[in-house]
Amino acid sequence: FRFSSILSVPHTHTKRPNTNTIQNAHQLAPHPHPQPTKKKKEEMQRPSRQRRRRRQRRLLTPAAMAGACLCCLLIHLYARNPASLSLSRIRAKTTSFTSSSSSSSSSSLSSSSLSASMGTRGPASRRICRVKSTATRSATFPRRTENVAGDFFVDSSCIDCDTCRWMAPSVFSRIGDKSAVHSQPENEQERLQALKALLSCPTASIRTESPPKDIKTAQNAFPDPIDAAEGVYHCGYHTEKSFAATSYFIRRPQGNVLVDSPRFTPPLVKRLEALGGVKYMFLSHIDDVGDHEKFAKHFNCERVMHAGDFRGALGDAIERPIEGEDDYALAQDLKIIPVPGHTVGSSALLYKDKFLFTGDHLALPRANDYEHLGSFPSFCFHSWEKQIESVEKLRGYSFEWVLPGHGRRFHKAQGMDAELQKAVAWMKTQ
């Protein structure tokens, strides 16, 4: 380097320049390679995004291989001894309703490849059981010995909800304290009814020894017509969240109505879409709301419910709350009748002065052996006296059908008033 021009000192080749002079010159003269600042050094030391990605890719392969090896090990252990893993254990919990879904394919409905959720619900507690393996389910919930020999059978997870017995009485009956197959289907009609009961069982307790190849026929049979001319249907696909409550579908030009919530399952949802979707969802009371959130989100329908049964965040979710004990006209042919008793906010829906959807307020109950109309004294969660008054109140309305959530339906074209009088008299003795 030559600093003579900067320092105005003559340069000689024989004399070594002064060190202090060079340092001063370094401060004065511009350096050909400026030293990086502290911030720049930190940025240079920090790995670039591209280098980070390369490092992550190098680490990803060993992690994926380790995960795959772990999965293979778990599968091997599970195949050798299903009871050794917590996946196959049954957990009993006292909790609120939790969602469960059962596969709608034919393989999932057979004993050879079944994966479903099961549970029971009482007025104070709910037991949710989940089984992922067919072998584990068969070991945990074996075929009931009360079943006759043959393809259809009921396992020990049955919760005695009565659904299969009124849907397919020629095949299922109550033996002991649960349902069982008393006669195998003898013709195509009986087989179809048995398959529809299989699909509607809320706990997947009805199974077959071999995969039913005609399960699609049963799926396409829902919603099942009650009165096709008037557009009233049974939805099927009962859900354990409402202890197997029956839900209904009303098809009308002004907008379809879903009465209480069935299980949210793709086969039913597609069928409802084909019938025009859902405009209103009438919820009769708190016990039978089921999968109302999923249906409301999918169909963007308006939920209607009495405010007396609002619990927690449910009140914020209901788009059209009903209050008081006066009738509410949802439409010209749809009237909501508050009937407190079973719960504070129990309500009935009257359609065309012909069909009365009663929830758990009025039905043919097991308590009187389904001989006449009545209710459920063991499952009254508000006031039995108030419920008797609400049944008497129905004498002022005209209808032919009683379509309940629990219990069995009832139809009588003439003389419904006399049937209500008989129901009130019986209820007063309970």
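The preceding data block contains the structure.
Residues numbered from 1 in each chain as written. Predicted model: local features only at pLDDT ≥ 70, side-chain atom pairs only at ≥ 80, totals over all residues. Heavy atoms only, no water.

A.B. asks: Before we go on, may I ask you to explain the environment of His 292 in this structure?
C.D. replies: By the secondary structure assignment, His 292 is in helix 10 (residues 292-299). In this structure the C-alpha to C-alpha distance between His 292 and Arg 303, which are 11 residues apart in sequence, comes to 8.2 Å. Aside from chain neighbours lying at most four places away, what touches His 292 is Ser 261, Met 281, Leu 283, Arg 303 and Leu 314. Engagement of the side chain of His 292 in a polar contact is seen with the side chain of Arg 303, the distance being 3.1 Å. (Helix = DSSP H or I, 4+ residues; strand = E, 2+ residues; numbered from the N terminus. Contact = heavy atoms within 4.5 Å. Polar contact = N/O pair within 3.5 Å; in protein donor to acceptor, adjacent residues only side chain to side chain.)

A.B. asks: Please clarify how the side chain of Thr 343 should be interpreted in this entry.
C.D. replies: Within the secondary structure, Thr 343 sits in the loop between strand 15 (334-338) and strand 16 (347-351). On the basis of relative accessibility, which here comes to 5%, the residue Thr 343 falls in the buried class. Side-chain polar atoms of Thr 343 contact the side chain of Asp 309, separated by 2.7 Å. Apart from the residues lying within four places of it in its own chain, the contact partners of Thr 343 are His 285, Ile 286, Asp 287, Asp 309, Phe 381 and His 382. (Buried < 20%, exposed > 50% of the residue type's maximum accessible area, 1.4 Å probe, protein only.)

A.B. asks: Please clarify how the nonpolar core should be interpreted in this entry.
C.D. replies: Most often, soluble globular proteins keep nonpolar side chains buried together rather than apart. Membership of the largest hydrophobic core comes to 40 residues, with the highest contact counts inside it found for Phe 172, Ile 206, Phe 249 and Phe 295. If you tally residues by element for this core, the top one is helix 7 (residues 188-200), at five residues. Leave out the neighbours within four places in its chain, and Phe 249 touches Gly 231, Val 232, Tyr 233, Cys 235, Asn 256, Val 257, Leu 258, Leu 272, Leu 275, Gly 277 and Val 278. Of all hydrophobic cores here, the second largest spans 21 residues; its members include Leu 350, Leu 364, Leu 394 and Leu 420. (Core = buried A, V, L, I, M, F, W, Y, C linked by side-chain atoms within 4.5 Å.)

A.B. asks: What exactly am I supposed to notice about helix 9 (residues 266-274) here?
C.D. replies: Two residues of an α-helix separated by three or four positions point the same way, owing to the 3.6 residues in each turn. The complete set of buried residues in helix 9 reads Pro 267, Leu 268, Val 269 and Leu 272. Directly beyond the C-terminal end of helix 9, a positive phi value near 110° is found at Gly 276.

A.B. asks: I keep staring at helix 13 (residues 416-428) and nothing clicks. Help me out?
C.D. replies: The terminal C-alpha atoms of helix 13, which comprises 13 residues, lie 19 Å apart, in line with the 18 Å expected from a rise of 1.5 Å per residue. Among all positions of helix 13, only Met 416, Glu 419, Leu 420, Ala 423, Val 424, Trp 426 and Met 427 are buried. Buried residues of helix 13, seen end-on, are gathered within an arc of 165° and therefore sit on one face of the element. Looking at the buried side of helix 13, the elements it contacts are helix 12 (384-393), strand 18 (401-404) and strand 19 (410-411). (Expected span 1.5 Å × (residues − 1). Arc of directions from axis to C-beta.)

A.B. asks: When you look at the pattern of salt bridges in this model, what are you seeing that I'm missing?
C.D. replies: Opposite charge on two side chains allows them to pair when their charged atoms are near. Within the structure shown, the criterion is met by 21 salt bridges. The residue Asp 160 makes a salt bridge to Arg 366 at a minimum N-O spacing of 3.0 Å. Taken as a pair, Asp 160 in the loop between strand 3 (152-154) and helix 6 (163-167) and Arg 366 in the loop between strand 17 (355-359) and helix 12 lie far apart in primary sequence, 206 residues in all. Overall, Arg 366 belongs to the partly exposed group, its relative accessible area being 33%. Each of Asp 160, Asp 162, Arg 165, Arg 174, Arg 366 and Arg 408 takes part in salt bridges that share partners, so that together they form one network. (Salt bridge = Lys/Arg side-chain N within 4 Å of Asp/Glu carboxyl O.)

A.B. asks: So what exactly am I meant to see when it comes to the packing of helix 12 against helix 13 here?
C.D. replies: Axes are the key here: two packed helices are described by the angle between their axes and the distance separating the axes. For the pair helix 12 and helix 13, the least separation of the axes is 9 Å and the interaxial angle reads 170°. Looking at the two axes, helix 12 sits roughly antiparallel to helix 13. Note on element contacts: helix 13 touches helix 12 through Leu 420, Ala 423, Val 424, Met 427 and Lys 428, opposite Trp 384, Gln 387, Ile 388, Val 391 and Glu 392. Tallied by class, the residues present in the contact of helix 12 with helix 13 amount to seven nonpolar, one polar and two charged. (Axes fitted to C-alpha atoms, helices over the stretch in contact; angles between N-to-C directions. Parallel < 35°, antiparallel > 145°, perpendicular 65-115°, else oblique. Nonpolar A, V, L, I, M, F, W, Y, C, P; charged D, E, K, R; others polar.)

A.B. asks: How should I be thinking about the sheet that holds strand 16 in this particular structure?
C.D. replies: Sheet strands associate in pairs through backbone hydrogen bonding, adopting either a parallel or an antiparallel arrangement. Reading across from one edge, 14-15-16-17-18-19 is the order of the six strands in this open sheet, with mixed pairing throughout. Of all the strands in the sheet, just strand 14 (328-331) and strand 19 have a single pairing partner and so form its edges. Of the strand pairs in this sheet, strand 15 and strand 16 are connected by five bridges, and their pairing is antiparallel. Within strand 16, the position partnered with Pro 338 by the bridge is Ser 347. (Pairing = 2+ DSSP bridges.)

A.B. asks: Looking at this model, I keep getting lost on the packing of aromatic side chains. Mind explaining?
C.D. replies: The description of an aromatic ring pair uses the distance of the two centres, along with the angle that the planes make with each other. The tally for this structure, following the rule as stated, stands at seven aromatic pairs. Ring geometry for Phe 355 versus Trp 401: centroids 6.4 Å apart, planes at 20°, classification stacked. Taken together, the residues span a long stretch of sequence, with Phe 355 in strand 17 and Trp 401 in strand 18 at a distance of 46 residues. The class of Phe 355 is buried, set by a relative accessible area of 0%. Pairwise contacts between aromatic rings join Phe 264, Phe 295 and Phe 299 into one cluster. (Phe/Tyr/Trp six-rings, centres within 6.5 Å; stacked < 30°, edge-to-face > 60°.)

A.B. asks: What's the story with the pairing of strand 15 in this structure? I'm lost.
C.D. replies: Successive side chains on a regular strand alternate, one facing one side of the sheet and the next facing the other. In terms of burial, strand 15 is largely enclosed, as four of its five residues are buried. Between strand 14 and strand 15, which pair antiparallel in sequence order, lie two residues.

A.B. asks: So what exactly am I meant to see when it comes to the pairing of strand 7 (residues 224-227) here?
C.D. replies: The sheet contact formed by strand 7 and strand 8 (residues 232-234) spans three bridges and is antiparallel. Among the inter-strand pairings, Pro 225 is bridged to a residue of strand 8, identified as Tyr 233. Between strand 7 and strand 8, which pair antiparallel and follow one another directly, the connecting turn spans four residues, one of which, Gly 231, has a positive phi of 75°.

All quantities given are derived from atomic positions and should not be read as evidence of function.
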